[in-house]
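# Structural features, examined
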Amino acid sequence: MSEHLGDKLRRLRRQSGLTQEALAGRAGVSVDVVRHLEQHRKSSARLPTLHALSKGLGVELTALLGDPPGVQSTGEVDPPQLVAVRRAIMPPLFAPPAEPDDVASLSLPVVRAEIADAWTLYHSAEFERLMAVLPGIVADARLTAAAGGADDRAAGQAALGKALQLGGHLAIRLGKTDLALASLEKAIAAAGASSDPLLTPMISNSVAWAYQRQNRLEDATALAVHAADGVERSHATDSAGVRVWGGLLMSAATSYARSGDYERADEMMRTAETAAVRLAKLPAPLEGRLVSVFSRSSVRIERVRLAVQYGHPEGALDLAKGMRLSADTPPSWRTWLLLDVARAHTDVGNAEKAVKALESLRRVAPSWMRHHTLAVAIVQDLLAHPRPPAGLRKIADCLGIEP
């Protein structure tokens, strides 16, 4: 059984050391709202109220709404697919390392292609398929990291670092941040033994995201800024370096915004946008699927996201107006844009345009739509209107929301 919204609210409030009155004051809501939710006298709240509460708690909205599982489970015990991922990330003690079925066909280019394809699965929200293939990919990468001469092993360590970074991202999406940090710690160790100087800062960005999910905002900010400074000093002129630096800058901006410093966050995002314009004039990096997502499109998407999350829905809609996404924008980022546009339209009271944004999302990224509790929250908010707009019921049925 999923945790009641009021129980999540009480747990997060106590973890933050806040009284009900203090949380209500920070969130700008009535203390009765907090009290009624925690007493189960209300089972839900309108989306603007949930945004206010999450901001008052200093957590992402998903901390209140929950992350939908990437795999079906009927109890507290991890399903077999996730157990296999855990064993791949943290092999059992005193067990011999597993070998691939066809060692002769295994080579570094093959392994890197496997990893790139797995990242594509991740960005397409194909989490069940990803869980099925990731253990074998990690095993293959470990083998390449231990085979051949020094240069071969260093290149294999780079592949292992990217595979374990992917394991960390998947674990975050499944709500397993401790597993994510364990995977990312091993990924950084592999990166340190690799021949790729950008890999450690790339993985540091993932660690900062995990810290944000744990509400460790100071840790997330310090890590992202430190890593960004290092990249800027040594790789500011090549496209891969700019992409990694820009991704870290956006991560730091998110942490600043969640800490209440929206002006500094906006300033950093404008700096990132300038860098993205410069990036468009540089040659594309080799194996771009294995480098941080960063472009003019991703920066604008993140600016829209920050604006809508921190109480500027009109500004978010202005930023989104007339956007033309680059062809390489992953489905995961397109999803965030359409969800945030729907949220902004909902916040300003334009239910019809909110539904149009959700209909677009269902067309371009149906898998991601089903994996976002935020989509459910928006639809439930719209259903509460006295006259729900046309098309909303079909979207609600797609998400399994009962009348």
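Residues numbered from 1 in each chain as written. Predicted model: local features only at pLDDT ≥ 70, side-chain atom pairs only at ≥ 80, totals over all residues. Heavy atoms only, no water.

So, about the nonpolar core. Core analysis: the biggest nonpolar cluster contains 132 residues, and L53, F294 and L358 have the highest contact counts within it. When residues of this core are assigned to their parent elements, the largest contribution, 11 residues, is made by helix 13 (residues 239-258). Contacts of F294, omitting those with residues within four sequence positions, involve V242, R243, G246, G247, M250, A272, A275, A276, L279 and V299. (Core = buried A, V, L, I, M, F, W, Y, C linked by side-chain atoms within 4.5 Å. Buried < 20%, exposed > 50% of the residue type's maximum accessible area, 1.4 Å probe, protein only. Helix = DSSP H or I, 4+ residues; strand = E, 2+ residues; numbered from the N terminus. Contact = heavy atoms within 4.5 Å.)

Moving on, we come to the pattern of salt bridges. Following the criterion strictly, the structure yields 12 salt bridges and no others. When the shortest N-O distance is used, the salt bridge between E21 and R35 registers 3.7 Å. Of this pair, E21 sits in helix 2 (residues 20-27) while R35 is found in helix 3 (residues 31-38), placing the two residues 14 residues apart along the sequence. Judged by its relative accessible area of 47%, E21 falls in the partly exposed class. The network of salt bridges with common partners includes D266, R270, E273, R300 and R303. (Salt bridge = Lys/Arg side-chain N within 4 Å of Asp/Glu carboxyl O.)

This brings us to the environment of G56. Mapped onto the elements, G56 comes out in helix 4 (residues 47-57). Separated by 119 residues in sequence, G56 and G175 have C-alpha atoms that sit 21 Å apart.

To continue, consider unusual backbone geometry. Positive phi outside glycine occurs at A125, with the angle close to 65 degrees. Inspection of the secondary structure puts A125 in the loop between helix 7 (108-123) and helix 8 (127-145). Despite not being glycine, N215 has its phi angle at roughly 65 degrees, a positive value. Mapped onto the fold, N215 is located in the loop between helix 11 (199-213) and helix 12 (217-234). The class for N215 is partly exposed, based on a relative accessible area of 30%.

A separate point is helix 17 (residues 331-347). Helix length check: helix 17, at 17 residues, gives a terminal C-alpha distance of 24 Å against a target of 24 Å (1.5 Å per residue), a fit within 8%. In terms of residue burial, helix 17 counts as a mostly covered element, since 14 of its 17 residues are buried. G349 lies just past helix 17 and shows a positive phi near 90 degrees. (Expected span 1.5 Å × (residues − 1).)

Looking now at the packing of helix 7 against helix 8. Each packed pair of helices is defined by two parameters, the angle between the axes and the distance between the axes. Their axes nearest at 10 Å, the elements helix 7 and helix 8 cross at an angle of 155 degrees. Relative to helix 8, the element helix 7 lies roughly antiparallel. The hand of the helix 7/helix 8 crossing is left-handed. Judged by residue contacts, L108, V111, E114, I115, A118, L121 and Y122 of helix 7 engage F127, R129, L130, V133, I137, D140, A141 and T144 from helix 8. Taken together, the residues of the contact of helix 7 with helix 8 break down into 11 nonpolar, one polar and three charged. (Axes fitted to C-alpha atoms, helices over the stretch in contact; angles between N-to-C directions. Parallel < 35°, antiparallel > 145°, perpendicular 65-115°, else oblique. Left-handed = near helix turned anticlockwise from the far one by under 90°. Nonpolar A, V, L, I, M, F, W, Y, C, P; charged D, E, K, R; others polar.)

This part is about the packing of aromatic side chains. Applying the stated criterion across every chain, the model contains three aromatic pairs. Both rings, one in W119 and one in Y122, keep their centres 5.8 Å apart while their planes meet at 80 degrees; by these two values the pair is edge-to-face. Here W119 and its partner Y122 are both found in helix 7, three residues apart, which amounts to about one turn of the helix. W119 gets classed as buried once you look at its relative accessible area, which sits at 6%. The exposure class assigned to Y122 is buried, which follows from its relative accessible area of 4%. Considering the side-chain rings of Y122 and F127, the 6.0 Å spacing of their centres and the 50 degrees angle between planes classify their relative orientation as tilted. Ring-pair connections join several aromatic residues into one group, and the members of that group are W119, Y122, F127 and W368. One Lys or Arg, R305, reaches over the ring of W336 and ends 3.9 Å from the middle of that ring. (Phe/Tyr/Trp six-rings, centres within 6.5 Å; stacked < 30°, edge-to-face > 60°. Lys NZ or Arg CZ within 6 Å of the ring centre and 35° of its normal.)

These figures come from the coordinates and say nothing about function on their own.
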